[in-house]
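Letter by letter, the chains look like this.
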Amino acid sequence: MNPPRTSWSILYRGPLSSCNYDCGYCPFAKTVNTREELRRDSRCLERFTNWVAERPEEIGVLFTPWGEALTHRYYQRALAILSQRNNVRRVAIQTNLSGSLDWVPEADPAKLALWCTFHPKEVKLDLFLRQCQALDRYGIRYSVGMVGTREALPSLAALRQGLLPGVYVWVNAFKDQPDYYSAAEVSYLTQFDPLFPVNNQRHPSQGRPCRTGHTVFSVDGDGAIRRCHFVKEVIGNIYEPGFAAALRPRVCPAATCGCHIGYVHLEELGLAEVFGEGLLERIPARGRT
Ligand code: SF4
Ligand code: SF4
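Source: prediction; values computed, not measured. (Residues numbered from 1 in each chain as written. Chains lettered and ligands numbered in written order. Predicted model: local features only at pLDDT ≥ 70, side-chain atom pairs only at ≥ 80, totals over all residues. Heavy atoms only, no water.)

Asker: How should I be thinking about the overall build of the protein in this particular structure?
Answerer: Scanning the protein from N- to C-terminus turns up eight helices and 13 strands. Taking 289 residues into account, the globule formula puts the C-alpha radius of gyration at 19 Å, and the protein, at 18 Å, falls close to it. Taken over the C-alpha atoms alone, the protein extends approximately 55 × 45 × 40 Å along its principal axes. When burial is assessed residue by residue, the protein has 52% of its 289 residues classed as buried. (Helix = DSSP H or I, 4+ residues; strand = E, 2+ residues; numbered from the N terminus. Rg over C-alpha atoms; globule rule 2.2 N^0.38 Å. Buried < 20%, exposed > 50% of the residue type's maximum accessible area, 1.4 Å probe, protein only.)

Okay, here's the thing in structure tokens:
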């Protein structure tokens, strides 16, 4: 019997650092990229896309840009191309969903998935929902969520109501202020996102097994491998021979882990089972919330 095929999940973040929105709670440095910077981002992405396409491993990719990527044609193209590759099990991206979706028919709907964030101060709800309806027509899997600031909470019910019942709505807890939510607010938000209480905390993680650095890792535009976006140590480079030797079971070196794209890989939380095949695009397996 052949051994099971190695399977990796890769969080890619290239040099892109610009966005067409200007959210007050944005955790990223908002900059304007020059044409040359965008060309470099595009070259990095093409190199990464070609690398993924040629690997023998089964690979899932989540693009976690430091800004908005899906307004750029080269990202749209990369998603469509990767979704068509046999060795790619899933290709997903975090997006504000403001870009054109005319490229989506080029992608394999069984493999493309979107992690969409609604930003109520930046876009009207009906416009955002129209984009979601287009994804429904194309048969694309997607999750939708919001940053749960107090100003945004009134939009949540209308957002939920405007989406198909099967679309998972997540809420990211606003953690800039400690104890931000009252018990009543936590209970209100949990009605929309049963996993809100999991997000509304920083999980103690030091010394605990985490899949990052083994079967999950982050890659930057130059190919540098870090175990996750929160531990800065570089452990290898995908463009150098033998890099896979650095991938092995590890425990977390940080005190806590407070972001979904990190703690979802912390083994003791059991979230791999909760999300199943929808782990990268943040869609829980049916009936698991
Ligand atoms: S859409 Fe995302 S990247 Fe852009 S400003 Fe808002 S939070 Fe930041
Ligand atoms: S628990 Fe979080 S911070 Fe620690 S290694 Fe895993 S993803 Fe990174």
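Asker: Got a minute to help me understand the site of ligand 1 in this structure?
Answerer: Close to ligand 1 lie Cys 19, Tyr 21, Asp 22, Cys 23, Cys 26, Phe 28, Lys 30, Gly 67, Asn 96 and His 119. Taken together, the residues of the shell around ligand 1 break down into five nonpolar, three polar and two charged. (Near = heavy atom within 4 Å. Nonpolar A, V, L, I, M, F, W, Y, C, P; charged D, E, K, R; others polar.)

Asker: Help me out: how do you make sense of the nonpolar core in this one?
Answerer: As a rule of thumb, nonpolar side chains are buried together in soluble globular proteins. Core analysis: the biggest nonpolar cluster contains 67 residues, and Phe 48, Phe 63 and Leu 114 have the highest contact counts within it. A total of six residues in this core trace back to one element, the largest contributor, which is helix H2 (residues 73–83). Not counting residues within four places of it along the chain, the set of residues in contact with Leu 114 comprises Leu 70, Ile 93, Thr 95, Leu 97, Leu 135, Ile 140, Arg 141, Tyr 142, Ser 143 and Glu 281. Leu 62, Leu 195, Val 216 and Val 274 belong to the second-largest nonpolar core, a separate cluster that totals 18 residues. (Core = buried A, V, L, I, M, F, W, Y, C linked by side-chain atoms within 4.5 Å. Contact = heavy atoms within 4.5 Å.)

Asker: What should I look at first to understand the packing of helix H4 (residues 153–162) against helix H5 (residues 183–192) in this one?
Answerer: How two helices pack is summed up by the angle between their axes together with the distance between the axes. The N-to-C vectors of H4 and H5 enclose an angle of 20°; their axes lie 11 Å apart at closest approach. With respect to H5, the element H4 is oriented roughly parallel. Relative to H5, H4 is oriented so that their crossing is left-handed. Facing Leu 153, Leu 156, Ala 157 and Arg 160 of H4, the residues of H5 in contact are Tyr 188, Leu 189 and Phe 192. (Axes fitted to C-alpha atoms, helices over the stretch in contact; angles between N-to-C directions. Parallel < 35°, antiparallel > 145°, perpendicular 65-115°, else oblique. Left-handed = near helix turned anticlockwise from the far one by under 90°.)

Asker: I'm lost on the sheet that holds strand S5 (residues 141–147) in this one. Help?
Answerer: Across a sheet, strands are paired by hydrogen bonds formed along the backbone, either parallel or antiparallel in direction. Read across the sheet, nine strands follow the order S6-S5-S4-S3-S2-S1-S9-S10-S11 without closing on themselves; strand pairing throughout is mixed. In this open sheet, the two edge strands, each paired with only one partner strand, are strand S6 (169–172) and strand S11 (234–237). Each strand of the sheet is rotated relative to its neighbour by a mean of 25°, with strand direction disregarded. Pairing of strand S3 (residues 88–95) with strand S4 (residues 112–117), which is carried by five bridges, proceeds in the parallel orientation. (Pairing = 2+ DSSP bridges.)

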